[in-house]
Amino acid sequence: MRTTTRIATAGFAAAAAMTLTVGPAFAADNAWVSANLKPVVENGVKGSGTAMVEVDGTTITVTMAAMGLLPDAPHAAHIHFAAAARHECPAVTDDKSGDGTINTTEGGPAYGDIVVSLTKTGDTSPASGLAVDRFDTAPGGKISYERGSIKVSQGVADAITKGQSVVVIHGVDHNHDGKYDGDTKSDLDPSLPTEATDPALCGALRVAPAGGMHTGGGQITGQTDQDGANTGMLALGGGLLLAAAGTGAFAAKRRNAIRVGA
């Protein structure tokens, strides 16, 4: 059953204000990066979100909030990186097949390979990239995720710290029938429809500027950017994540997931 998300105006304003005013001081002892998650071009998703990653040596803590996804369906989510990638989200020119959508392989030159699988439990390596039973199922179309003590290689830790990695949430309901289906098969697993693995939301992890969260090049004023994502909506996810950080979620490595819209 689809759940309608209701966000009070006052709550949204507070979240936006927090996004604009809270700086990186809460994680002064460790490096951290953030990303605004926007719809992948051509894939017709209306969602948005925010992700933050704290890097402590070769251990990372990931906090992520997103909305506007296919409700009650598994959404694989990863941190991507490759030295040869552009370290950004896909562009229209990445649609090499010309079919009007971007699949995961077509997005590869932009964001690279899977380096961390953002599973809720168990293994977080690239081997779990399609472990659909351990990814968030987006109740009501929303994801609230936090997981710490994720071990990565020194190379991956360096890439994240340098702002060279990208967060991607997968799963697109292209035909808007409320489920993953269709005749086109996934380029990653032919036993799955392409809808189950196509990239939905994407955001490059960047070092936050002093005094606020990385905004992906747009001001939090509610305008629509070139990808069709309303940047005002992105403030909500960022505010929720920063609110959690302000309570010590990152420093204490808490495991309690943030509740989007709570």
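What you see is a predicted model; the values in this text were computed from it and never measured. (Residues numbered from 1 in each chain as written. Predicted model: local features only at pLDDT ≥ 70, side-chain atom pairs only at ≥ 80, totals over all residues. Heavy atoms only, no water.)

Enquirer: Explain the state of the cysteines to me, and be specific about the residues and the numbers.
Expert: Overall, the coordinates contain one disulfide when judged by the stated rule. Each sulfur in the disulfide pair cysteine 89 and cysteine 202 lies 2.1 Å from the other. The sign of the S-S torsion, about -95 degrees, decides the handedness of the disulfide formed by cysteine 89 and cysteine 202: left-handed. One end of the pair, cysteine 89, is in the loop between strand S4 (77-81) and helix H2 (104-111); the other, cysteine 202, is in strand S8 (residues 199-204), and 113 residues separate them in sequence. Overall, the relative accessible area of 24% leaves cysteine 89 in the partly exposed class. (Disulfide = S-S within 2.5 Å. Helix = DSSP H or I, 4+ residues; strand = E, 2+ residues; numbered from the N terminus. Buried < 20%, exposed > 50% of the residue type's maximum accessible area, 1.4 Å probe, protein only.)

Enquirer: Let's hear about helix H3 (residues 154-161): which residues, and what values?
Expert: Of all the residues in H3, the buried ones are Val156, Ala157, Ala159 and Ile160. Take H3 and look down its axis: the buried residues cluster within an arc of 160 degrees, on one side only. Next to the buried residues of H3 lie strand S1 (31-39), strand S2 (48-56), strand S3 (59-67), S4 and strand S5 (113-117). Remark: glycine 163 follows H3 within two positions and exhibits a positive phi of approximately 75 degrees. (Arc of directions from axis to C-beta. Contact = heavy atoms within 4.5 Å.)

Enquirer: So what's going on with the nonpolar core? Residues and values would help.
Expert: Membership of the largest hydrophobic core comes to 33 residues, with the highest contact counts inside it found for Val53, Ile60, Met64, Ile79, Val116 and Ile169. Grouped together as the second largest cluster of nonpolar side chains are eight residues, Val41, Val168, Cys202 and Ala204 included. (Core = buried A, V, L, I, M, F, W, Y, C linked by side-chain atoms within 4.5 Å.)

Enquirer: I'd love a proper account of the pattern of salt bridges, names of residues and values included.
Expert: On inspection of all chains with the given rule, the structure shows two salt bridges. The salt bridge involving arginine 86 is made with glutamate 88; its shortest N-O contact spans 2.6 Å. With a relative accessible area of 35%, arginine 86 lands in the partly exposed category. One salt bridge in this structure joins aspartate 94 and arginine 86, with 2.8 Å as the shortest N-O distance. Where salt bridges share partners, they join Arg86, Glu88 and Asp94 into one cluster. (Salt bridge = Lys/Arg side-chain N within 4 Å of Asp/Glu carboxyl O.)

Enquirer: Now, about the confidence of the model for the chain: what can you tell me, with residues and values included?
Expert: In low-pLDDT regions, the fine details of the predicted coordinates are not to be read closely. For the chain, per-residue confidence averages 78 on the pLDDT scale, and 68% of positions sit at 70 or higher. For the stretch residues 1-27, pLDDT sits under 50, and the model shows 48 contacts to residues farther than four places along the chain or on other chains. Across residues 215-262, confidence stays below pLDDT 50; counting only partners more than four residues off in sequence or on other chains, it has 104 contacts. (pLDDT = per-residue confidence, 0-100.)

Enquirer: Summarise the side chain of arginine 134; cite the residues concerned and give the values.
Expert: One can find arginine 134 in the loop between S5 and strand S6 (143-151). With no salt bridge to any partner, buried arginine 134 finds its closest opposite charge in aspartate 133, at an N-O distance of 4.5 Å. Look past the residues within four positions of arginine 134 in its chain and what remains in contact with it is Thr119, Lys120, Thr121, Gly122, Asp123 and Ser128. (Lys, Arg positive; Asp, Glu negative; His and termini not counted.)

Enquirer: Before we move on, could you go through the environment of valine 33 and cite the residues and values that matter?
Expert: With respect to the helices and strands, valine 33 occurs in strand S1. The sequence separation of valine 33 and valine 207 amounts to 174 residues, and the corresponding C-alpha distance is 4.6 Å. Apart from residues no more than four positions distant in its own chain, valine 33 is found in contact with Ala51, Met52, Val53, Ile160, Thr161, Leu205, Arg206 and Val207.

Enquirer: Let's hear about the pairing of S1: which residues, and what values?
Expert: For S1, a buried count of eight out of nine residues is recorded, marking the element as mostly surrounded by other parts of the structure. Examined bridge by bridge, S1 and S2 share seven bridges and lie antiparallel to one another. When the sheet's bridge partners are listed, alanine 35 is paired in S2 with alanine 51. Across two bridges, S1 lies against strand S9 (residues 206-207) in antiparallel orientation. In the sheet register, serine 34 faces S9, and the bridge partner there is arginine 206. Where S1 meets S8, two bridges bridge the pair, whose relative direction is antiparallel. Across the sheet, the residue bridging to lysine 38 is cysteine 202, located in S8. (Pairing = 2+ DSSP bridges.)

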